[in-house]
Each structure stands twice: as structure tokens, then as C-alpha cells.
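Residue strings, one per chain:
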Amino acid sequence: MEFLNIDKLQGQREEKLGNSEEELTLDGTVDKHGRPAVRATTGRWFAGVLLLVNQGLATLAFFGVGVNLVLFLTRVMGQDNAEAANNVSKWTGTVYIFSLLGAFLSDSYWGRYKTCAIFQAIFVAGLVSLSLTSYIFLIKPNGCGDEKMPCRSHSTVHIVLFYMSIYLIALGNGGYQPTIATFGADQFDEDHPQESHSKVSFFSYFYLALNLGSLFSNTILVYVEDKGMWTLGFWASACSAILALVLFLIGTPRYRHRKPTGNPISRFCQVLVAAIRKWKIEQPSNGYELYEGDGRDLADNGSRNILHTKEFKFLNKAAIITSKERFDNPWRLCPVTQVEEVKCILRLFPIWLCTILYSVVFTQMASLFVEQGDAMKTTVSRFHIPPASMSSFDILSVAAFIFIYRRVLDPFVASLKKSSQRGLTELQRMGVGLIIAIMAMVAAGIVEHFRLKYASIDCSHCTNSSSLSILWQVPQYVLIGASEVFMYVGQLEFFNGQAPDGLKSFGSALCMTSISLGNYVSSLLVSIVMRISTTDNMPGWIPGNLNKGHLDRFYFLLAALTAADFLVYLLCAKWYKYIEFEERSIRKQVEEKQGDLRF
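These numbers come from a predicted model, not from an experiment.

### What to know about the overall build of the chain
Counting its regular elements, the chain contains 18 helices and two strands. The buried share of the chain, reckoned over its 599 residues, is 55%.

### Concerning the state of the cysteines
Enumeration over the complete set of coordinates arrives at one disulfide. Looking at the unpaired C354, the closest cysteine sulfur is the one in C572, lying at 4.0 Å.

### Some details on the packing of helix α7 (residues 193–226) against helix α15 (residues 474–498)
Contact geometry of α7 with α15 gives a least axis separation of 10 Å together with a crossing angle of 130°. Between α7 and α15, the interaxial angle falls into the category oblique. The chirality of how α7 crosses α15 is right-handed. Contacts between α7 and α15 involve K199, V200, F203, S204, F206, Y207 and N211 from the first element and E484, Y488, V489, L492, E493 and N496 from the second.

### Considerations on the packing of aromatic side chains
Scanning the entire structure with this criterion turns up 33 aromatic pairs. Ring centres of F188 and F202 lie 5.9 Å apart, and the angle between their planes is 45°; this geometry places the pair in the tilted category. Linking F188 in the loop between α6 (156–185) and α7 with F202 in helix α7, this pair joins segments that are 14 residues apart in sequence. Judged by its relative accessible area of 1%, F188 falls in the buried class. According to the relative accessible area criterion, F202 is buried, its value standing at 0%. Geometrically, the ring pair formed by Y205 and F403 is tilted, given 6.2 Å between the ring centres and 50° between the ring planes. You can see Y205 sitting in helix α7 and its partner F403 sitting in helix α13 (residues 391–416), a full 198 residues away along the chain. Classification of Y205 as buried rests on a relative accessible area of 18%. With a relative accessible area of 39%, F403 lands in the partly exposed category. Here the aromatic cluster, defined as three or more aromatic residues joined through ring pairs, consists of W45, F188, F202, F203, Y205, F206 and F403.

### Topic: the nonpolar core
Ranked by internal contacts, the top residues of the largest apolar core, which has 127 residues, are F72 and F162. Per-element accounting of this core gives the leading share, 13 residues, to α15. Counting the residues that make up this core, at least three belong to each of domain 1 (27–257) and domain 3 (347–598). Among all residues touching F72, those that are not within four sequence positions of it are M77, S134, L138, I139, F162, W230 and F234.

### Focus: helix α11 (residues 336–363)
With 28 residues, α11 ought to run about 40 Å at 1.5 Å a step, and its terminal C-alpha atoms sit 40 Å apart, in line with that. Of all bends in α11, the biggest is about 30°, found at F349, and the proline P350 comes one to four residues later. Across the 28 residues of α11, 24 count as buried, placing the element largely inside the fold.

### Side note on a nonpolar patch on the surface
Taken together, the side chains of V442, I446, F450, Y454 and F556 define a hydrophobic patch exposed on the protein surface, amounting to about 440 Å² of accessible area. Of the residues forming the nonpolar patch, the biggest block, three residues, is contributed by helix α14 (residues 426–453). Structurally, Y454 can be placed in the loop between α14 and α15.

### Describing the packing of α13 against α15
In contact at an axis separation of 7 Å, α13 and α15 are set at 55° when each is read in the N-to-C sense. By the angle between their axes, α13 is oblique relative to α15. Considering only the axes of α13 and α15, their crossing is right-handed. Of α15, the residues touching α13 (which contributes S391, F393, D394, S397, V398, F401, I402, Y405, R406 and L409) are V474, Y477, V478, I480, G481, A482, E484, V485, F486 and E493. Looking at the contact of α13 with α15 residue by residue, the classes come out as 13 nonpolar, three polar and four charged.

### Description of unusual backbone geometry
With the exception of glycine, the majority of residues adopt a negative phi angle, and the majority of peptide bonds are in the trans configuration. Cis peptide bonds are those with omega within 30 degrees of zero, and the linkage from K140 to P141 qualifies with 0°. Position of P141 relative to the elements: it lies in the loop between α5 (112–138) and α6. Of note in this structure, R44 is not a glycine but carries a positive phi near 60°. By the secondary structure assignment, R44 is in helix α2 (residues 44–66). Using a relative accessible area of 34% as the deciding quantity, one classes R44 as partly exposed.

### Remarks on the pattern of salt bridges
Side chains bearing opposite charge may pair, as long as their charged atoms lie close to each other. Summed over the entire model, instances satisfying the criterion amount to 14 salt bridges. Several salt bridges converge on common partners, so that one network encompasses E23, R39, D189, E195 and R256.

### A word on the environment of N142
With respect to the helices and strands, N142 occurs in the loop between α5 and α6. By relative accessible area, which is 63% here, N142 ends up exposed. In sequence terms N142 and M229 are 87 residues apart; their C-alpha atoms lie 9.8 Å from each other.

### Describing α13
An α-helical turn contains 3.6 residues, so a residue and the one three or four places further along point in the same direction. Taking 1.5 Å of rise per residue, the 26 residues of α13 would be expected to cover 38 Å, and the 35 Å separating its terminal C-alpha atoms lies within 8% of that figure. Its maximal kink placed at Y405, α13 deviates by approximately 45°. Remark: K418 follows α13 within two positions and exhibits a positive phi of approximately 55°.

### Quick look at the side chain of E448
Relative to the elements of secondary structure, E448 occurs in helix α14. In this structure E448 touches Q372, L546, L551, D552 and Y555, once residues within four positions along its chain are discounted.

### Comments concerning the environment of S391
Mapped onto the elements, S391 comes out in helix α13. Judged by relative accessible area, which is 10%, S391 ranks as buried. Along the backbone, S391 and Y477 are 86 residues apart, and their C-alpha atoms lie at a distance of 6.7 Å. The residues touching S391, leaving out its near neighbours within four places in the chain, are N218 and Y477.

Here is what the cut-offs are and how they apply
- Residues numbered from 1 in each chain as written.
- Predicted model: local features only at pLDDT ≥ 70, side-chain atom pairs only at ≥ 80, totals over all residues.
- Heavy atoms only, no water.
- Helix = DSSP H or I, 4+ residues; strand = E, 2+ residues; numbered from the N terminus.
- Buried < 20%, exposed > 50% of the residue type's maximum accessible area, 1.4 Å probe, protein only.
- Disulfide = S-S within 2.5 Å.
- Axes fitted to C-alpha atoms, helices over the stretch in contact; angles between N-to-C directions.
- Parallel < 35°, antiparallel > 145°, perpendicular 65-115°, else oblique.
- Left-handed = near helix turned anticlockwise from the far one by under 90°.
- Contact = heavy atoms within 4.5 Å.
- Phe/Tyr/Trp six-rings, centres within 6.5 Å; stacked < 30°, edge-to-face > 60°.
- Core = buried A, V, L, I, M, F, W, Y, C linked by side-chain atoms within 4.5 Å.
- Domains from an automatic or database assignment.
- Expected span 1.5 Å × (residues − 1).
- Bend = angle between axes of the 7 residues up to and from the residue.
- Patch = residues over 30% accessible without salt bridge, like charges linked within 9 Å, V, L, I, M, F, W, Y side chains within 5 Å.
- Areas by Shrake-Rupley, 256 points an atom, 1.4 Å probe, with all protein chains shown as cover.
- Salt bridge = Lys/Arg side-chain N within 4 Å of Asp/Glu carboxyl O.
- Nonpolar A, V, L, I, M, F, W, Y, C, P; charged D, E, K, R; others polar.

This is how it looks when you write it as C-alpha cells:
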């Protein structure tokens, strides 16, 4: 049966090749009609650039709402600071939870193109709904919502419409984000020398596009919305999302696709159930005695067999063939590749856990860094610098270090290693990101130490209460940006590359859930620190009046925790075994037949 499928596929390839001698991709990707993708007319940087622009515009749209949502809740919806902050945290966490839903649907049933299109349409609907709801119902009287004029109270219907709108935005953006990264990587054939290099570069440019989109939101749209022009800001976001969707659809004829592989949860459970059923059976002496499967699904999808590994030996029992075995019952017998998929997820888990504490450091940029900057001198030659806009230095740092790494550092390390392929591995880069994050927290702590020296302790309102300039925060923002290039870009490449062929979007979703849990762990850590550090005579490390606290100690604590996390990460990285694939069944059995046609 396997050979029939391959012959059928080869027939399609030969029919398409004809006399034109067009080269087909080797990784099993197909065009929009389901035929093997032609290298010259599909994918590559034409499709990649469209998806990068799409990502930049979608990020601009998302942060156009998210970056000032807490102010909208307080000024327009009439919530107090604590309630607004809590609602924003819930909304942000929901975005990342929906990323798991998008990854599941993409890998299992819909495929990446359909998932991206549907969730982007939901995203646009949410933004248009928010713009209309704000204009018609919420921004009343006209001109309210700035620092001076509060808005009137709203009916239950208006509040429900508002929350429906922002959670549609959360659903659309959350489901779209992990899928678009993987779909962009699909446009490059990793079995082709030049395209495989472009695939690695794509993740760096993807993260750059994300940051450039947020740069516009954090500067222009922040200013527009801060002045009370909420409807204008929301409509700008909606138009950006619509343009992103249009560009995405324009590229439809040029995209390469991968077929969904079915429900990964059932495949995972099948291995566990089959292994438990055979827990009394002795392990075979070597992996060659395990069931390899017939490979029919692999031939159809362009997926690859995963080589047998020795870790998690108990799971190997799921692939042991006994005298009572039925080959058509996956709950009793699983092929080695299916067993190795489960092992792969288990190996990724410790690495993923180690990235959560880094996300705790990263989230300080949107919270405590801003509060710290607000308590510093925010004027330079009569020019006011909004504390939230300091994140622009982070974005510029990301842009600079992406090019420094790709053009300078990576080639330099590759020359030292005498390797023509790559410099630092993904795991090494993530480790470097942790080290730079430690440096960022130390820098923030030192700045806070000197800020307190020049601060007025008994201020009633601590804005501009220290004579230390806010520009002293630049190093900590630059260091955070540099660490992102090593950690988050390395994470995207690592989880996408190490996830099995049918779980690539899930690998990208792991990055987003790391950020989500980082937000929750940060809130928990702040609560614990305040509970321990607050006494009858001391207001705690992070009080409402920062000049009476010790924010510097909290930063140094984060540096120490990240250092401990780095040591654990070293052990996990040393233990980790990279996934090894066999040659793709399509490439291995068809490439020889194509050889005569190409030459």
C-alpha cells in the first residue's frame, strides 16, 4: 500500500514536471490545490515577506488596543486602578491561552492557512466591534476619556458589548499568533540548503516585524489615545488588521501548505495506554525489535520517522509486538515514531519550564520599569518623555541585535567552530539570553539604588520625585531587548525545530504560554515579596510611594532567581537530546526518480 501511495504521488509529480523541468520541494509541502509544491512558484521570500508585513500590521493593531487598555478601563469605563489592572491581566492571560487553541486546531484539523485566515477574521471583527461600540456608546459625552473629562456611566448592555469586543480580539490574536509563525516557516524547504538557511533567518525577522509593529503602537497610538482620541486609535488598529488580512489573502496562490495530522492528544494517550498495558513485558535488547509502522501516513504528509532513543524506556513498551498483538489497534501497539513524539514533548518540558522565569524578568518592562521611570525626572530640555515610551529603546535594541547577531556574531562563532552552517545552537542562545537578563536586572537595581538617593521621600505624588534622569533607564531596556533576541528568537527556532512534524504550531504556542505564565508568576512573586517585606514599621519593597520602598532589592532578587534558573537550565540543556529524523519518505523514495527528469 505504501508503494501505491508513493507511485501515485510520483505520478502527480511527473505530470506536473512535464517538459518544464520544474523542481519540487522535498519536505512534503503542497500548493493550494493539494499538489506537490513547485519550488520556483511557491513559498520562499515572496510569501515570507508578505507574512512578515502581515505580522507587523497585526501586532500594531493588537498593541494599539492592549498598550493603553488599562487607561481606557479607568478613564472611560470608570474602574479603579486595582480593578483595571486585574482585568488587563486576565485579558492578557486569555490571549495566550487561546494560542493553545489555535495551535491545536492548526496541527490537528484545519491546517495553518485556514487557521490563520479564520482567526484573523475574528480579530478584525473584534476590532471593528470595539471601534463602533466606543464611538456609539462608550465615549459619551464626546471628548471624554482624557485626563480631564471623565465619561458617564454605562449600561449593562454597553459593558457586555465592550467585553465581547475585547475578548474577540483576544481570541483572534491568540489563535493567530503561534500559527502564523509556523506557517511562515513552512514557506522554506528545510531539506534544501539555501532555503533551510532562510528558514532559520525567518524567525529573527518575524520577531523583528513583531517589535516594529509594536513600536508604532507604543509611540504614535499611545499619544493619540492618551489625549482622549480613543475612537481614532481603535479605528487605526482596525484598519491595520484589515490591511494585514488582505495582504495575507493576496498571497494565497503562492503559499506552501502542510496537511493536518489529526488529534495529537489521542496519539499521546495511545502511547501511554499501550505502554501501561504491557508494563510487565521485558524490554527488547535493542530498538530494532520495536514496531516501526508501515509509513503510509508519513508518505502522504511528507512527515519523517523519528529515530529511536533510549530515554523514557518505559514508553518503548508501547511499540513491543507480542503474540496477541493486533496491528490495527493503536491503543495496544504504537509505532516507534509515535512513541518518540511523546518522548519529544517530555524532553521539551524542562526546557520550557526554565524559560518561565525569564518571562518574569521580561514582564517587568511593562510594569515596574514604567513605575520606576514615572518616579524619575522625565523632562529633558523641556521635552517630556512618557515613562511607557521608554520601551522604544527595547524595540530598537531588538532590531539592532538581530542584525548584529545574524551578520556579525553568528558568522564569527561559526568561524571559530570551523562550521560552515551555524554559530550558536538554539539552546546556547537561550542560555546567553538568561545571562543578559541577569545583567538587565542588576542594571535596573543599580539605577533604582541611585534614584532613591536623589528622591524626595515624603512626596504626596511621586511623579518626577527624583532628580535622576529617566534616561538612566536606557541600559536596562537595551539589555532586555538584547536578551529577547537570544531567548525568544532562540525559543521560536528551538520549539519549532524540535517539535514533531505534526506539532509545529504547538511548539510556537509554547513560547506564548511561557510569557503568559511569566505574567502570573510575576504577580505571585510581587504578592509574596510584599507580604514578607511589609511590617509595622516598613511599607514593603514595592509600596505605592516607591521612595519609601526598596524596589532595588526586588530587582536584585530577580537577578538572583534568574541566576539560579540559569544553573538549572544548564543541567536541563546538557541532559537534552536533540530529536533525530530519518530522511523524509517522499525524498528518500522519489528523489532518485526525479533525478533523471531534472538533468
